[in-house]
Number of protein chains: 2
Amino acid sequence: MGERIQWEVMAFQWLPAAVEDRLEDVDTPALILDLERFEANLQRMREAAARLDVRVRPHAKSHKCPEIARRQMGAGAIGICCQKVTEAEVFLAAGIDNVLITNEVVGGRKLERLAQLGRRYPAARLGVCVDDVEVVHRLAGTCSREGARLDVYVEIDVGQNRCGVATPAEVLTLAHAIVACPSFTFMGLHAYAGSAQHRRRVAERRGAIEAAARKADEARAALSAARLRCEIVTGGGTGTFMYEAASRIYNEVQPGSYVLMDTDYARNDQDIDAPRFDHALLILATVMSVRGDRATLDAGLKAFSTDSGLPSPAFDGWRVANISDEHTVLHRIGDRPSLHLGEKVLLIPSHCDPTVNLHDWFVAVREGTVEALWAIDARGAVF
Amino acid sequence: MGERIQWEVMAFQWLPAAVEDRLEDVDTPALILDLERFEANLQRMREAAARLDVRVRPHAKSHKCPEIARRQMGAGAIGICCQKVTEAEVFLAAGIDNVLITNEVVGGRKLERLAQLGRRYPAARLGVCVDDVEVVHRLAGTCSREGARLDVYVEIDVGQNRCGVATPAEVLTLAHAIVACPSFTFMGLHAYAGSAQHRRRVAERRGAIEAAARKADEARAALSAARLRCEIVTGGGTGTFMYEAASRIYNEVQPGSYVLMDTDYARNDQDIDAPRFDHALLILATVMSVRGDRATLDAGLKAFSTDSGLPSPAFDGWRVANISDEHTVLHRIGDRPSLHLGEKVLLIPSHCDPTVNLHDWFVAVREGTVEALWAIDARGAVF
């Protein structure tokens, strides 16, 4: 793509820190990864997966970072998910050899890029979802020309009201179209109940997943009656993966946020059996102006997203009063200690995925010292 | 910075289009710049500035793009504003020779980077704001060591309740500290009434700027009484710049969004004398799934910001029902024509600045054909 373009790339690259820097010397705003909490989150998911006897395929759309994907694989993940072809490109290039695009891919350039990835990494498993037979045929033609093989999943709508087919009959039509294509391996069903993830009450989330599992089971039964092998039923996020696993209909789950966590997920009521994930993702900001009971930080809408609410100070005595593009204004609550000009403070983001997508680096910190910078290579991988 | 880091940069670079592509062949989600509207916006600002007899220093935090800055300079701008030292770095490197950082700079690394920029571009005017005397002294020391010269402005708080000093006495203290430093040229006052920009009623915006101008005038009078020359009073955004200019207290205005426009600014009641700016910034998305009266687009929170509301379809008959990280779900209103799988559609963003900051390229389009790709070099320039 783009061969005819004359363009000038200045390729500025700003680094927030150097290895061995103290946290208070990291430039701001910076995305901090607390390594102890991060590693504990990985371990808790590994233990939960073993207990639940389910394959874990973490969603890499949350972190967009090959180094985190490698560590998830090291902690027992069987592969990763992503949402975009360009994300898949990043993770395949980084050596992750099992990538599922949990999304439909529509458009000539995207289908070509997908097929080219399949050809370029013949030893990897690369999967994609479909919900339209026309796309199956177009992708099959492109893969055939490229000599590429792909794993293909039918997406069913289990309450998200977004993409996916609604009935077992549609699943069958698509599955027959897939198995008829020599470039494809029909793998099974993608059945993600996204809108269930942030229902606050345990009973609501559990009920939504029971309904989703029933829909997935109907589709699976229809495939079985048609003698079409459905190897995988995949879905589930950080808020519900225990219920998908417990259903025994799903045999693979896709939690993403667990490894970073945010305040939106933390607001869910917790099931007594659920692993507790800690906030490993933080925003470091500098106090850049102090006036009485007001302190202004040098981080705003270009350092964290607010679609799921304001970020929360990771310290007591101050609340977020308002936010603009490059600033956050804090107000003091009661007579708590003041903040000082130049002081570095931590905020907990409300929604990890779009917050990470604003940054180029995770600053990985252990006991107050920078241990590594991890590139967010799939930042901006929207295509 | 970062000399000790061992890091691996994959440097993926995805291009949404090639020159001469038709709009419908541009990959999605993409940031589209409608060149005819963009050029008309530039021209309208040029005419308004001439009529109002005011210097225009457009705010480049909105577009982060050297090519747009060059065109603003070509249309009469005397320089640009930005918010971050790393943004200034991008625009100075691109040949923009008059850059004002309309913000305080706090922290050792940032002050060093700022002074280094001053040294590296001795023929350029590089300005910065201060609201604390300790920062003045630290910056002076750093500039002295680097052999750098900077223009320095005192920020006064004219109702934003964020940064800036509150009283003429504080202005005087800072101005005396600035003029005492041989590395600095004291330029005047930065007096930006940010919270006035989106007050919907004309009378509210006009009243807020009258109050801001009175505060600026008090500070200017105090400087004059102390025989301190105040050459520039600068401030004003797209929502109010006519009022700053009309005050005759301000002699420089800083509109940013006018050149791109968004639905948040479009919701302001318009003054009869104000220039009308059109939506030159659009998001192109692909219809990736259609089910009855529901269509799903391949653009979500990683393609536009929602801090100022949902994006608006640039076509009739459909409304945004919900948004997630990579998707927008549209619902059909009444019996309007259907959307088709693979169709490309345009959305108008609610807030241009954080939307632009998600993308690497403007796809500059004229009469349905791609004329150029303009790099958003200051994307991610948060430091």
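Residues numbered from 1 in each chain as written. Chains lettered and ligands numbered in written order. Predicted model: local features only at pLDDT ≥ 70, side-chain atom pairs only at ≥ 80, totals over all residues. Heavy atoms only, no water.

K.L.:
Please provide a residue-by-residue account of the overall build of chain A, values included.
P.N.:
Counting its regular elements, chain A contains ten helices and 17 strands. Overall, the C-alpha framework of chain A stretches about 70 × 55 × 35 Å when taken along its three principal axes. Expressed as a percentage of its 383 residues, the buried residues of chain A come to 63%. In chain A, once contacts between residues fewer than 6 apart in sequence are set aside, the share between residues at least 24 apart is 71%. Carbon and sulfur atoms make up 47% of the accessible area of chain A, which amounts to about 13500 Å² in all. (Helix = DSSP H or I, 4+ residues; strand = E, 2+ residues; numbered from the N terminus. Buried < 20%, exposed > 50% of the residue type's maximum accessible area, 1.4 Å probe, protein only. Contact = heavy atoms within 4.5 Å. Areas by Shrake-Rupley, 256 points an atom, 1.4 Å probe, with all protein chains shown as cover.)

K.L.:
With reference to specific residues and values, describe the interface of chain A and chain B.
P.N.:
Taken together, the contacts link 86 residues of chain A with 86 residues of chain B. Buried area between chain A and chain B, summed over both chains or domains, comes out near 7500 Å², and the portion from carbon and sulfur atoms is 55%. Looking at the side of chain A facing chain B, the largest losses of area belong to W14, R162 and K302 of chain A, adding up to 11% of the total buried there. Our enumeration of links across chain A and chain B arrives at 19 salt bridges. Residue composition of the side of chain A that touches chain B, by class: 36 nonpolar, 18 polar and 32 charged. (Buried area = accessible area lost by both parts, 1.4 Å probe. Salt bridge = Lys/Arg side-chain N within 4 Å of Asp/Glu carboxyl O. Nonpolar A, V, L, I, M, F, W, Y, C, P; charged D, E, K, R; others polar.)

K.L.:
Tell me about the relation of the copies chain A and chain B, residues and numbers included.
P.N.:
Superposition of the two copies of the chain requires a rotation about an axis together with a shift along that axis. Mapping chain A onto chain B leaves a residual RMSD of 0.0 Å; the transformation is a rotation of 180° accompanied by 0.0 Å of translation along its axis. One copy is carried onto the other by what is essentially a two-fold rotation axis. Taken together, the interface assignments show that 100% of the residues at the interface of chain A recur at the interface of chain B, consistent with an identical surface on both copies. (Least-squares fit on C-alpha atoms with pLDDT ≥ 70 in both.)

K.L.:
Go over the pattern of salt bridges with me, naming the residues and quoting the values.
P.N.:
Enumeration over the complete set of coordinates arrives at 63 salt bridges over all chains. Across the salt bridge formed by K61 of chain A and D325 of chain B, the nearest N and O atoms sit 2.6 Å from each other. Of this pair, K61 of chain A sits in the loop between β2 (55–56) and α2 (66–74) while D325 of chain B sits in the loop between β13 (318–323) and β14 (328–332), which puts the two residues in different chains. With relative accessibility at 6%, the residue D325 of chain B sits in the buried group. When the shortest N-O distance is used, the salt bridge between E252 of chain B and R57 of chain B registers 2.8 Å. Of this pair, E252 of chain B sits in strand β9 (residues 252–253) while R57 of chain B is found in the loop between β2 (55–56) and α2 (66–74), placing the two residues 195 residues apart along the sequence. In the salt-bridge network here, residues are joined through shared partners; they are K302, D325 and E326 of chain A together with K61 and D353 of chain B.

K.L.:
Residue-level account of the sheet that holds strand β6 (residues 150–155) of chain A, with values.
P.N.:
Residue and element names in this part refer to chain A. The strand order across the open sheet formed by eight strands is β2-β9-β8-β7-β6-β5-β4-β3, and the pairing between neighbours is parallel. Either end of the sheet is taken by a strand with one partner, and the two such strands are β2 and β3 (80–82). Direction of pairing for strand β4 (residues 98–104) relative to strand β5 (residues 125–130): parallel, over a ladder of five bridges. Within β5, the residue paired with N98 across the bridge is R125. Most of the contacts of helix α3 (residues 85–93) go to β4, to which it runs at about 175°, and overall it touches β3, β4 and β5. (Pairing = 2+ DSSP bridges. Axes fitted to C-alpha atoms, helices over the stretch in contact; angles between N-to-C directions.)

K.L.:
How would you summarise the pairing of strand β17 (residues 369–375) of chain A if you had to cite specific residues and measurements?
P.N.:
Residue and element names in this part refer to chain A. Taking burial as the measure, the seven residues of β17 include five buried ones, the bulk of the element. Here strand β16 (residues 361–366) pairs with β17 via six bridges, running antiparallel. Looking at the pairing, W361 lines up with A375 of β17. Between β16 and β17, which follow one another and run antiparallel, lie two residues, and E367 among them has a positive phi close to 45°.

K.L.:
Outline the packing of helix α6 (residues 168–179) of chain B against helix α7 (residues 202–225) of chain B, supporting the account with residue identities and numerical values.
P.N.:
All names here are of chain B. Running from amino to carboxyl end, α6 crosses α7 at an angle of 50°, the nearest separation of the two axes being 9 Å. Overall, the two elements α6 and α7 adopt an arrangement that is oblique. Every pair of crossing elements has a handedness; the one defined by α6 and α7 is right-handed. Taking contact as the criterion, the partners of P168, V171, L172 and A175 in α6 are, on α7, E218, A219, A222 and L223. Taken together, the residues of the contact of α6 with α7 sort by class into seven nonpolar, no polar and one charged. (Parallel < 35°, antiparallel > 145°, perpendicular 65-115°, else oblique. Left-handed = near helix turned anticlockwise from the far one by under 90°.)

K.L.:
Residue-level account of unusual backbone geometry, with values.
P.N.:
Leave glycine aside and you will find that most residues have negative phi; peptide bonds, for their part, are mostly trans. Residues and elements named next belong to chain A. Cis geometry is found at the peptide bond from T28 to P29, where omega equals -5°. For P29, the location among the structural elements is in the segment before β1 (30–34). Residue D53 is not a glycine yet carries a positive backbone phi of 55°. Positionally, D53 belongs in the loop between α1 (35–52) and β2. Owing to a relative accessible area of 58%, D53 belongs among the exposed residues under this scheme.

K.L.:
Before we move on, can you summarise the pairing of strand β15 (residues 344–348) of chain A with the specific residues and values?
P.N.:
Residues and elements named next belong to chain A. Judged from the four bridges that link them, strand β10 (residues 281–291) and β15 form a sheet pairing that is antiparallel. Paired with L284 across the two strands is L346, which belongs to β15. Of the pairings in the sheet, the one linking strand β12 (residues 312–313) to β15 comprises two bridges and is antiparallel in character. Each bridged residue has a counterpart across the sheet, and for S312 the counterpart in β15 is I348.

K.L.:
Go over α3 of chain A, please, and point to the residues and values.
P.N.:
Residues and elements named next belong to chain A. Burial of α3 is extensive: eight of the nine residues sit out of reach of the surface. Looking only at α3, the buried set comprises V85, T86, E87, A88, E89, V90, F91 and L92. Residues of α3 that are buried make contact with α2, β3, β4, α4 (108–120) and β5. Once α3 ends, the next one or two residues include G95, with phi positive near 95°.

K.L.:
Any details on the state of the cysteines? Residues and values, ideally.
P.N.:
Residues and elements named next belong to chain A. Throughout the structure, instances matching the rule amount to zero disulfides over all chains. You can see C143 has no disulfide; the closest cysteine sulfur is in C181, sitting 8.8 Å from it. Judged by its relative accessible area of 0%, C143 is buried. Its sulfur unpaired, C163 is 9.5 Å from the next cysteine sulfur, which belongs to C129. (Disulfide = S-S within 2.5 Å.)

K.L.:
Kindly report on the sheet that holds strand β6 (residues 150–155) of chain B, identifying the contributing residues and their values.
P.N.:
Residue and element names in this part refer to chain B. Taking strand neighbours across the sheet as the criterion, the eight strands line up as β2-β9-β8-β7-β6-β5-β4-β3 in an open arrangement whose pairing is parallel. Where the open sheet ends on each side, the last strands, each with one partner, are β2 and β3 (80–82). The pairing of strand β7 (residues 184–190) with strand β8 (residues 232–235) spans three bridges and is classified as parallel. Pairing of G188 across the sheet is with I232, part of β8.

K.L.:
Describe in detail α2 of chain A, supporting the description with residues and values.
P.N.:
Residues and elements named next belong to chain A. Within α2 the residues assigned to the buried category are P66, E67, I68, A69 and Q72. Buried residues in α2 make contact with β1, α1, β3, α3, β16 and β17. Once α2 ends, the next one or two residues include G76, with phi positive near 105°.

K.L.:
So what about the side chain of Q254 of chain A? Which residues, and what values?
P.N.:
Residue and element names in this part refer to chain A. Following the sequence through the fold, Q254 ends up in the loop between β9 (252–253) and α9 (263–266). Only 3.3 Å separates the side chain of Q254 from the side chain of H190, close enough to count as a polar contact. A polar contact is formed between the side chain of Q254 and the side chain of T234, at a distance of 2.8 Å. Excluding residues that lie within four positions of it along the chain, Q254 makes contacts with R57, H59, C81, L100, T102, H190, Y192, T234, G235, G236 and G237. (Polar contact = N/O pair within 3.5 Å; in protein donor to acceptor, adjacent residues only side chain to side chain.)

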